Amino acid sequence: MKLHGLYAITDSQLLAGKLLPYVEAALKGGAKLLQYRDKSTDDARRLREAEALRELCNRYGAALIINDDAELAARLGVGLHLGQTDGSLSVARALLGRKAIIGGTCHAQLELAEAAAKEGVSYVAFGRFFNSTTKPGAPAANAELLDAAKARINLPIVAIGGVTLENAPALIAHGASMVAVVHGLFGADSAVEVERRARAFSALFNPI
Ligand SMILES: Cc1ncc(COP(=O)(O)OP(=O)(O)O)c(N)n1
Ligand SMILES: Cc1ncsc1CCOP(=O)(O)O
Ligand SMILES: [Mg+2]
C-alpha cells in the first residue's frame, strides 16, 4: 500500500451515531488510510467498531490503523499509530510483523522522526500545523519542518492538525505524502458532504 493521499481519522464525539456512514463516505471519496481514534475505555464497543471499520476498509481497498492500542491492532491484524507516550514502536513492530503499517507521532522534531525511523515505522507524523479543535494543545509545527524532514527522512511524511481543503495544498507542496484530517473532513453536516470533501482532498495529490 502506497502511503500517499488522504488519511482520515475518526473522532468519537464528532461521529457519535454516524460513525459508519461518515467513514464509508470518506472511503468512497478516496481516503487511503483510516485511523480509529477512540479514547474511551469501553473495550467491547471499541472492538466491535474497529471490526466494522476493518470490514469497510477492506471493501474500499483502504487500510485501517488503530490509535494507541497495540493489542487491538494485533488482535485485528491491522496497522497502528503510537504517540510519544503510547509505548515502544520497536516492540509494536515485533508484535505486528514487518508488513504492518505503523506510524509514530514526531510533533515538530526531526530527532523524534529519526528515532522513529530507526525503530521501524512506516511513516512519520508531524503537527499540529494549524489550530486544531480536536487537539488544541498539540505542539505547533511549520511548513519548513516538512522541507527539512523531506531532506533527512526517507519515509512517507504525514501532516496533521487543523488541516482543511484550503491549507492542505501548502503542506503537500512542502512534502507531505499524506494529510491526516479529523474536523476538516468529518465536521460536515452530511455524509454527502464528507464524500465531497474526501474527493477534493484526494484530488490534491498527484497520481504516482
Ligand atoms: C497520523 C497521526 N499523527 C499524530 C497523531 C497524534 O498521536 P498522539 O500524539 O499519540 O495523540 P493522540 O492522537 O493519541 O491523542 C495521531 N493520532 N495520528
Ligand atoms: C490527533 C492530533 N495530533 C495532532 S493534531 C491532532 C488532531 C487532528 O484533528 P483536526 O484535523 O480536527 O485538527
Ligand atoms: Mg496517542
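What you are looking at is a predicted structure, and each value in this text was computed from that prediction instead of being measured.

Calculation notes
- Residues numbered from 1 in each chain as written.
- Chains lettered and ligands numbered in written order.
- Predicted model: local features only at pLDDT ≥ 70, side-chain atom pairs only at ≥ 80, totals over all residues.
- Heavy atoms only, no water.
- Near = heavy atom within 4 Å.
- Polar contact = N/O pair within 3.5 Å; in protein donor to acceptor, adjacent residues only side chain to side chain.
- Areas by Shrake-Rupley, 256 points an atom, 1.4 Å probe, with all protein chains shown as cover.
- Helix = DSSP H or I, 4+ residues; strand = E, 2+ residues; numbered from the N terminus.
- Nonpolar A, V, L, I, M, F, W, Y, C, P; charged D, E, K, R; others polar.
- Salt bridge = Lys/Arg side-chain N within 4 Å of Asp/Glu carboxyl O.
- Buried < 20%, exposed > 50% of the residue type's maximum accessible area, 1.4 Å probe, protein only.
- 1 Å grid on protein atoms, 1.4 Å probe; cavity = no way out; pocket = protein on both sides within 12 Å on 5 of 7 lines; lining within 4 Å.
- Sits in = over half its atoms within 2 Å of the grid points.
- Core = buried A, V, L, I, M, F, W, Y, C linked by side-chain atoms within 4.5 Å.
- Contact = heavy atoms within 4.5 Å.
- Donors = N, O, S within 2.8 Å, 3.2 Å for Na, K, Ca; no water.
- Axes fitted to C-alpha atoms, helices over the stretch in contact; angles between N-to-C directions.
- Parallel < 35°, antiparallel > 145°, perpendicular 65-115°, else oblique.
- Left-handed = near helix turned anticlockwise from the far one by under 90°.

Peer 1: Looking at this structure, I do not really get the site of ligand 1. What am I missing?
Peer 2: The environment of ligand 1 is formed by 15 residues, the closest being R37, K39, D86, T105 and K135. One of the backbone nitrogen or oxygen atoms of G83 is found 3.4 Å away from an oxygen atom of ligand 1. A distance of 2.8 Å separates an oxygen atom of ligand 1 from a polar side-chain atom of T105. The fraction of the free accessible surface of ligand 1 (420 Å²) that becomes covered by protein chains is 92%. Put simply, the parts of the chain that give the shell around ligand 1 at least two residues each are strand 1 (5–9) and strand 7 (157–160). Of the residues contributing to the shell around ligand 1, the split by class is five nonpolar, five polar and five charged.

Peer 1: Sorry if this is basic, but what is going on with the pattern of salt bridges here?
Peer 2: Once their charged atoms are close, side chains differing in charge can pair, the charge on each being opposite to the other. Considering all chains together, one arrives at 11 salt bridges under this definition. Between R46 and D69 there is a salt bridge; the shortest N-O distance is 2.9 Å. Taken together, the residues span a long stretch of sequence, with R46 in helix 2 (residues 43–60) and D69 in the loop between strand 3 (63–67) and helix 3 (70–76) at a distance of 23 residues. Accessibility classification places R46 together with D69 in one group, the buried group. A salt bridge links E195 to R199, with the nearest nitrogen and oxygen atoms 2.5 Å apart. Of this pair, E195 and R199 both sit in helix 9 (residues 191–203), four residues apart, which is roughly one turn of that helix. Under the relative-accessibility criterion, R199 is labelled partly exposed at 44%.

Peer 1: Mind showing me how you'd approach the site of ligand 2 here?
Peer 2: By nearness alone, every residue bordering ligand 2 is listed as R37, R128, S132, T134, K135, A138, I160, G161, G162, V181, V182 and H183. Contact between ligand 2 and S132: an oxygen atom at 2.6 Å from a side-chain N or O atom of the residue. A distance of 2.4 Å separates an oxygen atom of ligand 2 from a polar side-chain atom of T134. Taken by itself ligand 2 offers 370 Å² of open surface, and the protein chains cover 91% of this. Comparing atom positions with the cavity grids shows ligand 2 to sit within the largest pocket.

Peer 1: Please clarify how the nonpolar core should be interpreted in this entry.
Peer 2: One broad rule of soluble globular proteins: the nonpolar side chains tend to lie buried together. Membership of the largest hydrophobic core comes to 62 residues, with the highest contact counts inside it found for I66, V124, F126, V179, L185 and F186. A total of six residues in this core trace back to one element, the largest contributor, which is helix 1 (residues 19–28). Here I66 is in contact with Y36, A50, L72, A73, L76, V78, G79, L80 and H81, once residues within four sequence places are set aside. Of all hydrophobic cores here, the second largest spans 13 residues; its members include I9, I101, M178 and V182.

Peer 1: Whenever I open this one, the coordination of the magnesium ion (ligand 3) confuses me. Can you help?
Peer 2: Six octahedral donors around a metal ideally make angles of 90 or 180 degrees; four tetrahedral donors ideally make 109.5 degrees. For the magnesium ion (ligand 3), every protein donor is listed as D68 (OD) and D86 (OD), and the spread of their distances is 2.1 Å. Highlighted residues: D68 in the loop between strand 3 and helix 3 and D86 in the loop between strand 4 (79–82) and helix 4 (89–96), separated in sequence by 18 residues. The partly exposed category is assigned to D86, whose relative accessible area is 28%.

Peer 1: What's the story with the packing of helix 1 against helix 9 in this structure? I'm lost.
Peer 2: For any two helices packed against each other, one specifies the inter-axial angle together with the distance between the axes. It is the contact of helix 1 with helix 9, at a shortest axis distance of 7 Å, that shows an interaxial angle of 30 degrees. When the axes of helix 1 and helix 9 are compared, the pair comes out roughly parallel. The handedness of the crossing between helix 1 and helix 9 is right-handed. Residue-level contacts link P21, Y22, A25, A26 and K28 of helix 1 to A191, V194, E195, A198 and R199 of helix 9.

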